[in-house]
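Here's the letter readout for the chains.
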Amino acid sequence: MSPRKIIIDTDPGQDDAVAILLALGSPEELDLLGITCVAGNVPLERTSINARITCEAAGRSDIPVFAGRSAPLARALVTAEHVHGKTGLDGPELIPPQMPLQDQNGVDFIINTLRREAPGSVTLCPLGPLSNIADALQRAPDIAERIQEIVLMGGAYFEVGNITPAAEFNIYVDPEAADIVLKSGVKITMMPLDVTHKALATRPRIEAIRALNSRVGTFTAEMLDFFERFDVEKYGSEGGPLHDPCVIAYLIRPDLFSGRKVNVEIETKSELTLGMTVADWWGVTDRSPNAMFMGDLDADGFFALITERLARL
Ligand code: BDR
Ligand code: CA
């Protein structure tokens, strides 16, 4: 089978960077057409630097990287330096990237790629706020039926929020964008905190990556050394959750994940619960299911996959 064509839409972020590396280490399954950056964990200028640093760490300066939106559709940007550090990619020594940013805007790249490629052959992988994806859907409604699937990291139900008591960061930053995406009619798979909080980069798992003894292994282990700090302090967990790599791992090994196809609506009005993903997990409404909402994963299998694929870089 030919590899699945994907676009990664991202706001790196250490966990975003691991997701990019996992995709780059999996060319048999995934054909990464390009990376579109969005403002999120840190401002756009920085996320588009971090995406290129990540590609260069893997020796893949041939991957086209685009800058997309610098702000959410209708709100001021909220960032997460308190989680990811000042650069968004704190941990390893960061060498300024040599590879250029593409001239084309990231939103235009998404639209043009979907119009150029065969219908139903490109999967979008959003790992940050959904601003670029919603902008593309609004500006070019014809692309909706051409998208194979959107597999995204965002939301939470049983785990409630991480940026507010009710909302997960990616959805909270641009709830209007998330609402557009969830109502688009496109096939959607969501990786909420319910599953990503089980993907913990524990000490032995980080050490297995460091023991690869390669540029990518060291780069990743140093990112994860830094990244665990926030969640270990906050939740008392055994490591930082590798949220975004769940998206890429699902495309390679869907058998590692389980969930339910349910209705998911986004709260866009309430000040108290803004950005909450109201998932009808128990089927108590007659609202139509619009997303596969994941709930569990085989964490050992997930980390074995990551370690094996990073070893290929
Ligand atoms: C999400 O927010 C970001 O901080 C992470 O990169 C991830 O995409 C988790 O809530
Ligand atoms: Ca992210």
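Here, the structure is the one placed above.
The notes below deal with the structure included here. Small disclaimer: the values here were computed from a predicted structure and weren't measured. (Residues numbered from 1 in each chain as written. Chains lettered and ligands numbered in written order. Predicted model: local features only at pLDDT ≥ 70, side-chain atom pairs only at ≥ 80, totals over all residues. Heavy atoms only, no water.)

## Digging into the coordination of the calcium ion (ligand 2)
At 2.3 to 2.6 Å from the calcium ion (ligand 2) lie its protein donor atoms, namely Asp11 (OD), Asp16 (OD), Asp16 (OD), Leu127 (O) and Asp244 (OD). Going along the chain, you hit the donors of the calcium ion (ligand 2) in the pattern D-x4-D-x110-L-x116-D. In this pair, aspartate 16 is assigned in helix 1 (residues 14-24) and aspartate 244 in the loop between strand 8 (239-241) and helix 11 (245-252), connecting sequence segments 228 residues apart. (Donors = N, O, S within 2.8 Å, 3.2 Å for Na, K, Ca; no water. Helix = DSSP H or I, 4+ residues; strand = E, 2+ residues; numbered from the N terminus.)

## Some words on the packing of aromatic side chains
Evaluated as defined, the whole model comprises 7 aromatic pairs. Ring centres of phenylalanine 66 and phenylalanine 109 lie 4.0 Å apart, and the angle between their planes is 20 degrees; this geometry places the pair in the stacked category. Residue phenylalanine 66 is located in strand 3 (residues 65-67), and its partner phenylalanine 109 is located in helix 4 (residues 106-116); the two are separated by 43 residues in the primary sequence. In this pair, the class of phenylalanine 66 matches that of phenylalanine 109, namely buried. Considering the side-chain rings of tryptophan 281 and phenylalanine 293, the 6.4 Å spacing of their centres and the 65 degrees angle between planes classify their relative orientation as edge-to-face. Of the two residues, tryptophan 281 is situated in the loop between strand 11 (277-279) and strand 12 (291-297) and phenylalanine 293 in strand 12; the sequence distance between them amounts to 12 residues. Taken individually, tryptophan 281 and phenylalanine 293 each receive the classification buried, so the pair is uniform in this respect. Clustering of aromatic rings is evident, with ring pairs tying together Tyr157, Phe158, Trp281, Trp282 and Phe293. (Phe/Tyr/Trp six-rings, centres within 6.5 Å; stacked < 30°, edge-to-face > 60°. Buried < 20%, exposed > 50% of the residue type's maximum accessible area, 1.4 Å probe, protein only.)

## Here we look at the nonpolar core
By size, the foremost hydrophobic cluster in this structure holds 67 residues, and its most contacted members are Ile6, Ile8, Ile35, Leu242, Ile248, Phe257 and Phe302. The leading source of residues in this core is helix 1, at 8 residues. For phenylalanine 257, the residues in contact, after removing those within four places along its chain, are Met191, Val195, Cys246, Ala249, Tyr250, Met294, Asp296, Leu297 and Phe302. (Core = buried A, V, L, I, M, F, W, Y, C linked by side-chain atoms within 4.5 Å. Contact = heavy atoms within 4.5 Å.)

## Quick look at the packing of helix 1 against helix 11
The geometry of helix 1 relative to helix 11 is characterised by a closest axis approach of 8 Å and an angle of 20 degrees between their N-to-C directions. Taken as axis vectors, helix 1 and helix 11 run roughly parallel relative to one another. Contacts between helix 1 and helix 11 pair Asp15, Val18, Ala19, Leu22 and Ala23 from the former with Pro245, Ile248, Ala249 and Ile252 from the latter. Looking at side-chain class alone, the contact of helix 1 with helix 11 contains 8 nonpolar, no polar and 1 charged residues. (Axes fitted to C-alpha atoms, helices over the stretch in contact; angles between N-to-C directions. Parallel < 35°, antiparallel > 145°, perpendicular 65-115°, else oblique. Nonpolar A, V, L, I, M, F, W, Y, C, P; charged D, E, K, R; others polar.)

## As for the site of ligand 1
In the vicinity of ligand 1, the contacting residues are Asp15, Asp16, Asn41, His84, Leu127, Met153, Asn162, Glu168, Phe169, Asn170, His243 and Asp244. Between ligand 1 and asparagine 41, the relevant distance is 2.7 Å, taken from an oxygen atom to a side-chain nitrogen or oxygen of the residue. Histidine 84 is positioned with one of its side-chain polar atoms (N or O) 2.7 Å from an oxygen atom of ligand 1. Contact with the protein chains covers 96% of the free accessible surface of ligand 1, which is 280 Å². Using a 2 Å cut-off from the grid points, one finds that ligand 1 occupies the largest cavity. Looking at the shell around ligand 1, the elements that each hand over two or more residues are helix 1 and helix 6 (169-173). A class-by-class count of the residues in the shell around ligand 1 yields 3 nonpolar, 5 polar and 4 charged. (Near = heavy atom within 4 Å. Polar contact = N/O pair within 3.5 Å; in protein donor to acceptor, adjacent residues only side chain to side chain. Areas by Shrake-Rupley, 256 points an atom, 1.4 Å probe, with all protein chains shown as cover. 1 Å grid on protein atoms, 1.4 Å probe; cavity = no way out; pocket = protein on both sides within 12 Å on 5 of 7 lines; lining within 4 Å. Sits in = over half its atoms within 2 Å of the grid points.)

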